Amino acid sequence: MSTATTTSIDPPVLPTRSPLASWLAVISVMLGIFSIVTTEILPIGLLTSIGSSFTISDGMAGLMMTMPGILAAISAPVVTVATGRIDRRLMLGAFILLLALANFLAAVASSYWLVLVSRVLVGVTIGGFWSIGAGLAGRLVPAESVGRAIAVIFSAVPLGSVLGVPLGTFIGDAAGWRTAFLAMGILTLLVFLMLLLVVPPLPAGEPTRLSVLTGMLGSVNNRFALVMTFLVVLAHFGAYTYVTPFLEQVTHVSSGLITVYLLIYGAAGVAGNFLGGAAVARYPRGTFAAAALVMAGATVLLPALGRGDLGAVALLVLWGVAYGAVPVCSQTWFAKASPDSPEASSVLFTASFQATISIGALVGGVVVDHSSPSMVMTLGGTSAALMVLVACFHYVRKISWPGPAKP
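Residues numbered from 1 in each chain as written. Predicted model: local features only at pLDDT ≥ 70, side-chain atom pairs only at ≥ 80, totals over all residues. Heavy atoms only, no water.

A word on the overall build of the chain
Rules: Counting from the N terminus, the helices are the DSSP runs of H or I reaching at least four residues and the strands are the DSSP runs of E reaching at least two. Contacts between residues were defined by any pair of non-hydrogen atoms, one from each residue, lying within 4.5 Å. Note that accessible areas follow from Shrake-Rupley with a 1.4 Å probe, and for residues the cover is restricted to the protein chains shown.
In terms of helices and strands, the chain carries 18 helices and zero strands. Across the chain, contacts joining residues at least 24 apart in sequence account for 87% of those joining residues at least 6 apart. Counting only carbon and sulfur atoms, one obtains 74% of the accessible surface of the chain, whose full area is about 15,100 Å².

Regarding the nonpolar core
In summary, soluble globular proteins display a tendency toward joint burial of nonpolar side chains. Let me state the cut-off plainly: Throughout, nonpolar core names a set of buried Ala, Val, Leu, Ile, Met, Phe, Trp, Tyr and Cys residues whose side chains join them through atoms within 4.5 Å. Here's how the labels work: a residue is buried when its accessible area is under 20% of the maximum for its type, exposed when over 50%, partly exposed in between, all with a 1.4 Å probe on protein chains only.
Among the nonpolar cores identified, the biggest contains 117 residues, and Phe129, Trp130 and Trp319 are the most heavily contacted of them. Broken down by element, the residue count for this core peaks at 15 residues, all from helix α1 (residues 19-54). Those residues in contact with tryptophan 319 that lie beyond four places of it in its chain are His236, Ala239, Tyr240, Tyr265, Met295, Ala298, Thr299, Leu302 and Met377.

Things to note about a nonpolar patch on the surface
The cut-off we apply is this: Patches here are clusters of residues that have more than 30% relative accessible area and form no salt bridge, with a 9 Å joining cutoff for like charges and a 5 Å cutoff for nonpolar side chains (Val, Leu, Ile, Met, Phe, Trp, Tyr). Note on definitions: salt bridges are taken to be side-chain nitrogens of Lys or Arg within 4 Å of carboxyl oxygens of Asp or Glu.
Taken together, the side chains of Leu182, Ile186, Leu187, Leu190 and Leu193 present a nonpolar region at the surface, about 430 Å² in accessible area. Looking at the secondary structure, you find isoleucine 186 in helix α9 (residues 177-198). Taking relative accessible area as the criterion, isoleucine 186 reaches 46% and is therefore assigned partly exposed.

Quick word on the environment of proline 200
Relative to the helices and strands, proline 200 resides in the loop between α9 and α10 (210-216). The class for proline 200 is buried, based on a relative accessible area of 8%. Each C-alpha atom, one on proline 200 and one on arginine 88, is 9.6 Å from the other, the two residues being 112 residues apart in sequence.

Describing the packing of aromatic side chains
A ring pair, where both rings are aromatic, is described by two values, the distance of the centres and the angle of the planes. What counts here: Here a pair means two rings of Phe, Tyr or Trp (six-membered ring of Trp) with centres within 6.5 Å. Their orientation is stacked below 30 degrees between planes, edge-to-face above 60, and tilted elsewhere.
Within the structure shown, the criterion is met by eight aromatic pairs. Ring centres of tyrosine 240 and tyrosine 265 lie 4.6 Å apart, and the angle between their planes is 25°; this geometry places the pair in the stacked category. Taken together, the residues span a long stretch of sequence, with tyrosine 240 in helix α11 (residues 220-240) and tyrosine 265 in helix α13 (residues 255-280) at a distance of 25 residues. Across this residue pair, the class does not change: tyrosine 240 and tyrosine 265 are buried. On the basis of an interplanar angle of 80° and a centroid distance of 5.7 Å, the ring pair of tyrosine 240 and tryptophan 319 is categorised as edge-to-face. Taken as a pair, tyrosine 240 in helix α11 and tryptophan 319 in helix α15 (residues 309-324) lie far apart in primary sequence, 79 residues in all. The two residues tyrosine 240 and tryptophan 319 agree in class, both being buried. One aromatic cluster is present, formed by Phe54, Tyr112, Trp177 and Phe181 through successive ring pairs.

Observations concerning the packing of α13 against α15
To keep things clear, this is the line we draw: To define axes, lines are fitted to C-alpha atoms, for helices over the stretch in contact only, and angles between the resulting N-to-C directions are given on a 0 to 180 degree scale. Handedness of each helix crossing follows the sense of rotation of the near helix against the far helix: counterclockwise by less than a right angle gives left-handed, clockwise gives right-handed.
Where α13 contacts α15, the axes come no closer than 6 Å and their chain directions differ by 35°. The handedness of the crossing between α13 and α15 is right-handed. Packed against α13, whose contacting residues are Tyr261, Ile264, Tyr265, Ala268, Gly269, Gly272, Asn273 and Leu275, the element α15 presents Asp309, Ala312, Val313, Leu316, Val317, Trp319, Gly320, Val321, Tyr323 and Gly324 at the interface.

Observations regarding the confidence of the model for the chain
Rule in force here: The predictor attaches a confidence to each residue, and that confidence, scored 0 to 100, is pLDDT.
Chain-level pLDDT for the chain is 82 on average; 90% of the residues reach the 70-or-more range. Per-element confidence in the chain ranges from a low mean pLDDT of 68 for α10 to a high of 94 for α9. Predicted confidence for residues 403-407 stays below pLDDT 50, and this span has seven contacts to residues more than four positions away or in other chains.

Concerning unusual backbone geometry
Positive phi, close to 55°, is recorded for threonine 55, a residue that is not glycine. Position of threonine 55 relative to the elements: it lies in the loop between α1 and α2 (58-61). Assessed through its relative accessible area of 72%, threonine 55 is described here as exposed. Of note, the phi angle at histidine 252 is positive, near 60°, even though the residue is not glycine. For histidine 252, the location among the structural elements is in the loop between α12 (243-251) and α13. Judged by relative accessible area, which is 61%, histidine 252 ranks as exposed.

So this is what it looks like as structure tokens:
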């Protein structure tokens, strides 16, 4: 455990509000994260069309996934520390406005470098909004409802896959990829209005200090969380970023059907989110390892069994269920490792998660440009399998969190 005693928890004082108002606030935060997740991974479904528009390779187009992750990893600690005394409601609104600007910039970009600039803005939004929003449940609803509120907020991650990306891909196929970003910009503005209307003022409490963040690295459980998150997220985004080229070149799926495939994957992700959320509280280690193991099997088998429609769909379902559990498992692991510093643990979770997204997309891009989409899937499965070995090592070492609830 970290020896740092300064906490980053905002004061858990709740204003007197109706249950409806409280849950509307939770839903608005969820919709904010939904907009962020959808914008972040939207290029996955539009990768080849954007690449052909600017005459660049699939690997170069993958930089659209690399840029947000890099900036989010940097902005998560920097922005959280720098704005620690500012009302959290104001910060949420500012980040959502920045996201709207990023979408509109991408929609009108005349060159690929402007698209990458828009992705930089997306990265800053991810780092700031996630670090604040992921830990707000305790300030929006009564204590007995916090668990459900967290599940609702985190449901935005698979919903971004099940609704956002397939719908964006459909719009891109029907009206062009620029229209997809324009639609996301309009949706983001609507979310901004909802945040202003239903989220109460959230005065900042004790600000998160840099010393708290660095002190958390002294916890062996935090270090294990970092390693496992790195391996499993590297596996996922190294492979999933290039799932569209794989489906086109290996499974030979038509562009119209790719939307259906991504929709099926996303629906499986929603199921995985709730299955993982139900199991991770009691079995954090086993649930995290099981998700990685299923993901490893699905991605390794795709090059062999994913050449036909049935095999590809079946493995995408397994992959979706497995990855749907990953974000809640990772966040839970960080939270259990630092129970006295919820906002700081959210910062560490966000920074590590987003940095690995960028690395995964970058490594996958190099592999796909110099080898094939099938090789990307194989390497992704290998990385996920390594994560399972790390989780087993954690179990053998008999490492647990302090307190009565042990994994």
